[in-house]
Amino acid sequence: MDPIALAVIGGTGVYKLAQLDDVNSHVVETRYGTPSGPIRVGTLLGQRVAFLARHGEGHSLPPHKINYRANLAALQQIGATRVLALNTVGGITEQFGPRVLACPDQLIDYTWGRISTLSEEPGTEVLHVDFGHPYTPMLRSKVLAAAKVTGVRLQDGGCYGATQGPRLETNAEIARMRRDGCDLVGMTGMPEAGLARELGLDYACLAIVANWAAGCGDGDEITMAEVLANVDAASAGLPELIGELARG
Ligand code: HPA
């Protein structure tokens, strides 16, 4: 069987990969436990691609309950070496308004209490991986190149702030994140990126801006309906981009 060219992890509003054909489902167990759901492996524009819904297919797992280790280990176990993480986010700074797609190059972790290392269990080797560039630079370049080839508008760079959730942030929390240098805010960027590095996976984030973060827009309440409608609208070009990325 062909190797898996790319694994994709879907976030809020992305529970399936459009245009993924001939799908086989894999229920995988790992030494870290059970992933969020079955891994769907199929063909996307001629490339073998794996897909996993991070929150489960019915969005049943809140961000702090996701078994990030099992998700990544399961993708690695079925042969993936490259992971594109789709993360639904709020936009903080000017270039990152609703429906923008972005490929961040930095992150700040505000999460707490999540298992954030493979070295959690007593007796396992403690890893201190380099994380200066939290997203694999080569894979980021390929994401940007795939966007160019497929004509998908993609913002190059930005800092992703990972918050605990599941509630949205206060205006003051977002104001602090802006001062810290965050452009985007989401709840699932960490510990996923750090664990991918520990596992030796190539990993990049494609952030889908669903709303203005708290206090950044017109002050209206942020609703799930708004979030899902914007994710849907912004995702139209994703199958082509992902197919092109898988090819490269
Ligand atoms: N904050 C955190 N996570 C999010 C947001 C937000 O505003 N929108 C979508 N995911």
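Owing to the predicted nature of the structure, the values given are computational and were not obtained by experimental measurement.

1. Here we look at the confidence of the model for the protein chain
Right, on to step 1. Averaged over every residue, the pLDDT of the protein chain is 96; the share at 70 or more is 100%.
Right, on to step 2. Prediction confidence for the complex, expressed as pTM and ipTM, is 0.97 and 0.99 respectively.

2. Observations regarding the pairing of strand E5 (residues 82-91)
Right, on to step 1. Most of E5 sits inside the fold, with ten of its ten residues counted as buried.
Right, on to step 2. Side chains of E5 alternate between two faces, with Arg82, Leu84, Leu86, Thr88 and Gly90 and Val83, Ala85, Asn87, Val89 and Gly91 buried alike.
Right, on to step 3. Both strand E1 (residues 6-10) and E5 contribute to a ladder of three bridges, which runs parallel. Within the sheet, the bridge partner assigned to Val8 lies in E5 and is Leu84.
Right, on to step 4. Bridge analysis of E5 against strand E11 (residues 202-212) gives ten bridges, and the strand direction is parallel. Note on E11: the bridge partner recorded for Leu84 is Ala204.
Right, on to step 5. By the bridge criterion, two bridges tie E5 to strand E10 (residues 184-186) in an arrangement that is antiparallel. Residue pairing for E10: Gly91 is matched across the bridge by Leu184.

3. Focus on unusual backbone geometry
Right, on to step 1. Residues Gly165 and Pro166 are joined by a peptide bond in cis, for which omega reads -5°.
Right, on to step 2. Looking at the element boundaries, Pro166 is found in the loop between strand E9 (159-162) and helix H3 (171-180).
Right, on to step 3. Its identity as a non-glycine residue notwithstanding, Gln19 has a phi of 75°, on the positive side.
Right, on to step 4. Mapped onto the elements, Gln19 comes out in the loop between E1 and strand E2 (20-26).
Right, on to step 5. Phi is positive for Asp22, close to 50°, though the residue is something other than glycine.
Right, on to step 6. We classify Asp22 as exposed; its relative accessible area is 64%.

Reading the values: rules and limits
Residue positions are given per chain, counting from 1 as you read along its sequence in written order. In view of the model being predicted, local features appear only for residues whose pLDDT reaches at least 70, and side-chain atom pairs are presented and counted only at 80 or more, with totals across whole chains, interfaces and linings using the full set of residues. Excluding hydrogens and water, the side-chain values take into account all heavy atoms of the structure. Confidence scores per residue from the predictor, reported as pLDDT, run from 0 to 100. Exposed residues in this analysis have more than 50% of their type's maximum accessible area, buried residues have under 20%, and partly exposed residues fall in between, with area computed by a 1.4 Å probe over protein chains only. Helix numbering and strand numbering both begin at the N terminus, where a helix is a DSSP run of H or I of at least 4 residues and a strand a DSSP run of E of at least 2. Strands are treated as partners if at least two bridges between them are detected by DSSP.

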